[in-house]
Amino acid sequence: MKRNWLLPVLLLCGGASFANVRLPAVLADNMVLEQHATAKLWGWCDAGEKIFVTPSWSGVTDSVVGTRDGHWVLAVATPGAGGPYTIGIRGSNTITLKNVLIGEVWICSGQSNMEMCETWGLPDVQAELSDCANDRIRFFHVPRTTAMTVQDDCPGSWAACDSNELKTFSAVGYFFGKKLNKELHVPIGLIEAAWGGTNAEDWTPAELVTGDPVLKAGEDKEVPQKGWPYLPGYCYNAMIAPLTRFSMAGALWYQGESNVVASDTYAKLLTTMIGAWRQAWGTRFPFYYVQIAPFDYGTKDQGAWLREQEAAVQNLGNTGMVVISDITGDTTNIHPKDKHEVGLRLANWALAETYKWPGLFYKNPQFENMEIKGDRLTLSFVDAPNGLVVKGKDVETLEVAGDDRVFYPAEGKIEGNSIMVWSKEVKKPVAVRYQFSNAGIGNVFSKEGLPVAPFRTDTW
């Protein structure tokens, strides 16, 4: 009796050791892999199990042996853009990934302005629905998920762009991807990992925030909101970390509104986050982001302070900032509806900097230098190769101050790619501010149509 009872148990235990080979959700039918890359394929298996991988674009079979803890990773070289292809994965079972395209992959992350989609009532997206079907644009949407520790998988599935899928996908991401698909003539994979109301700390590994006194002090200023993640790393662990083996071209970021209460630490925080992501992917990928829009954020000028911090992140390298003050419309709405132009401006950054397209005007004019002569100041700007223009009669949102640090409204006159500034209230000016407030909207542009980025010349 004892022997008969043990036998089925032993057989059951022995059978349990032969687990099926499994893949993370992001490695699935309909996915887009980065072209000309060393793409990682990975998953789970039995310890010591041999896994064979055969991509149809090469027909070559490579193999790898599962680790003692039941993981496997294999790198495969991807060709130039094309497809559809299949990838065969064989161990104790066989998986065939179908309808795989090779092209360019971008991650779209941030808070609600990145998350906004057709269901928010966006007219530009609604106008796309009847003619948006495009099998060469694929979406992977990571649902809102949190975790206290780093995860190795996340929910989601790949799907081709059509009217149904577009309704719930990032509008900024879609318009960015549509532009790239049109101009590069390659498949585009877009991964949305965004969550409205989140702080940048949520998207940064926790130890990098809690272990830094400056970043921890900034995080302590933020008031937790019921229903939103509020601890460092919560979104990173669940929505970014599971993707870090997946090869990509770069990342898009639209966030900052939730960090205005601690604006003085935002440049360091975002720099830290970008560095952590780049380290996790093992590449210094391009990171293009959107400066927050004019809006009454409550405390005086805290939106301006955060925009200044955002602008400083451009010094990190392989980053680019899009200014959208001219397309915000209603400054009482923290969610501007024109996501079409935002996507196009981000796409122009990628086309020019990542894909080396010549002849594009994609950088906003930025303050470079100030010269004082008597009661007048002359401001010079970079990235205005053909000069500046004013949309309207007079230059708006200019302010001048003397040594007393009291700012007064100022007048301005365009002179090529410079602006002469003065105020009858300030006889000895020493500092200028432009569009330096929560909801102010300037009206100076490059002749190519891009708005001058907000700035100040003082360090007060």
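Reading the values: rules and limits
- Residues numbered from 1 in each chain as written.
- Predicted model: local features only at pLDDT ≥ 70, side-chain atom pairs only at ≥ 80, totals over all residues.
- Heavy atoms only, no water.
- Pairing = 2+ DSSP bridges.
- Helix = DSSP H or I, 4+ residues; strand = E, 2+ residues; numbered from the N terminus.
- Axes fitted to C-alpha atoms, helices over the stretch in contact; angles between N-to-C directions.
- Salt bridge = Lys/Arg side-chain N within 4 Å of Asp/Glu carboxyl O.
- Buried < 20%, exposed > 50% of the residue type's maximum accessible area, 1.4 Å probe, protein only.
- Phe/Tyr/Trp six-rings, centres within 6.5 Å; stacked < 30°, edge-to-face > 60°.
- Lys NZ or Arg CZ within 6 Å of the ring centre and 35° of its normal.
- Contact = heavy atoms within 4.5 Å.
- Polar contact = N/O pair within 3.5 Å; in protein donor to acceptor, adjacent residues only side chain to side chain.
- Right-handed = clockwise from strand over helix to strand, strands pointing away.
- Core = buried A, V, L, I, M, F, W, Y, C linked by side-chain atoms within 4.5 Å.
- pLDDT = per-residue confidence, 0-100.

S.K.: So what exactly am I meant to see when it comes to the sheet that holds strand S19 (residues 411-415) here?
M.R.: Working definition: the strands of a sheet are paired by backbone hydrogen bonds and lie parallel or antiparallel to each other. The strand order S14-S15-S20-S19 describes an open sheet built from 4 strands, whose pairing is antiparallel. The two strands at the open ends of the sheet, each matched to only one other strand, are strand S14 (366-373) and S19. Adjacent strand axes in the sheet meet at a mean angle of 25°, parallel and antiparallel pairs treated alike.

S.K.: Looking at this model, I keep getting lost on the pattern of salt bridges. Mind explaining?
M.R.: Pairing between side chains of opposite charge can happen when the charged atoms of each approach one another. Throughout the structure, instances matching the rule amount to 16 salt bridges. Across the salt bridge formed by Lys221 and Asp264, the nearest N and O atoms sit 3.4 Å from each other. Placement of Lys221 in helix H7 (residues 213-221) and of Asp264 in the loop between strand S11 (250-254) and helix H9 (266-281) is noted, with a sequence separation of 43 residues between them. Across the pair Arg345 and Asp326 runs a salt bridge, and its minimum N-O distance is 2.8 Å. Of the two residues, Arg345 is situated in helix H11 (residues 339-354) and Asp326 in the loop between strand S13 (319-322) and H11; the sequence distance between them amounts to 19 residues. Judged by its relative accessible area of 27%, Asp326 is partly exposed. Each member of the salt-bridge network shares a partner with another, and the members are Glu308, Arg433, Arg456 and Asp458.

S.K.: Quick question: what am I supposed to make of the packing of aromatic side chains here?
M.R.: Given two aromatic rings, one states the distance between the centres and the angle between the planes to describe the pair. Within this structure, the stated rule accounts for 24 aromatic pairs. Feature note: the residues Trp203, Trp253, Trp277, Trp281, Phe285, Phe287 and Tyr289 constitute an aromatic cluster, connected by ring pairs. The side chain of Arg90 reaches across the aromatic face of Phe52, ending 4.5 Å from its centre. Its end group placed over the ring of Trp422, Arg376 keeps NZ or CZ at 4.0 Å from the ring centre.

S.K.: Got a minute to help me understand the environment of Leu360 in this structure?
M.R.: Topologically, Leu360 is positioned in the loop between H11 and S14. Residue Leu360 is classed as partly exposed on the basis of its relative accessible area, which comes to 28%. Between the C-alpha atoms of Leu360 and Lys40, which are 320 residues apart in sequence, the distance is 33 Å. Contacts of Leu360, omitting those with residues within four sequence positions, involve Asn348, Leu351 and Ala352.

S.K.: For this particular structure, what's the right way to read the sheet that holds strand S18 (residues 407-409)?
M.R.: Pairing in this open sheet of 4 strands is antiparallel, and the strands run S18-S17-S21-S23 from one edge to the other. Each of the sheet's edge strands pairs with one partner strand only, and the pair in question is S18 and strand S23 (455-456).

S.K.: What is the right way to look at the side chain of Thr328 in this model?
M.R.: In this structure, Thr328 sits in the loop between S13 and H11. Since its relative accessible area comes to 6%, Thr328 is described here as buried. Here Ser325 takes part through its backbone oxygen, which lies 3.4 Å from a polar atom of the side chain of Thr328. With sequence-adjacent residues up to four places away left out, Thr328 is seen in contact with Ala293, Pro294, Pro336 and Ile441.

S.K.: Can you walk me through the pairing of S11 in this structure?
M.R.: Regular strands place their side chains on alternate faces of the sheet. Among the 5 residues of S11, 5 are classified as buried, and the element is accordingly described as predominantly covered. Of the two faces of S11, the one lined by Gly250, Leu252 and Tyr254 and the one lined by Ala251 and Trp253 are each fully buried. One ladder, built from 5 bridges, connects strand S7 (residues 94-110) with S11; its direction is parallel. Paired with Ser109 across the bridge in S11 is Trp253. Of the pairings in the sheet, the one linking S11 to strand S12 (residues 287-290) comprises 3 bridges and is parallel in character. Across the sheet, Leu252 pairs through a bridge with Tyr288, a residue of S12. Crossover connection from S11 via H9 to parallel S12: handedness right-handed.

S.K.: Looking at this structure, how should I read the nonpolar core?
M.R.: Note that soluble globular proteins tend to have their nonpolar side chains buried in a common cluster. In this structure, Trp72 and Trp277 are the most contacted members of the largest nonpolar core, which totals 74 residues. At 8 residues, the largest contribution of residues to this core is made by H9. Core analysis: the next-biggest nonpolar cluster, separate from the first, contains 42 residues, Cys161, Leu252, Val290 and Ile324 among them.

S.K.: Looking at this structure, I do not really get helix H10 (residues 302-312). What am I missing?
M.R.: Along an α-helix, a turn takes 3.6 residues, which lines up residues three or four apart on a common side. Along H10, 8 of the 11 residues are buried, which leaves the element largely enclosed by surrounding structure. Those residues of H10 that sit buried are Gln302, Gly303, Ala304, Leu306, Arg307, Gln309, Glu310 and Ala311. Against H9, S12 and S13 lie the buried residues of H10.

S.K.: Hey, could you run me through the confidence of the model for the protein chain in this one?
M.R.: When pLDDT is averaged along the protein chain, the result is 94; 96% of the residues meet or exceed 70. Across residues 1-17, confidence stays below pLDDT 50; counting only partners more than four residues off in sequence or on other chains, it has 1 contact.

S.K.: When you look at the pairing of strand S21 (residues 431-434) in this model, what are you seeing that I'm missing?
M.R.: Side-chain alternation along S21 places Ala431 and Arg433 on one buried face and Val432 and Tyr434 on a second face that is also buried. In terms of strand pairing, strand S17 (residues 398-401) meets S21 through 4 bridges, oriented antiparallel. Its bridge partner lying in S21, Val400 is registered against Val432. Looking at chain direction, S21 and S23 are connected through 2 bridges and run antiparallel.

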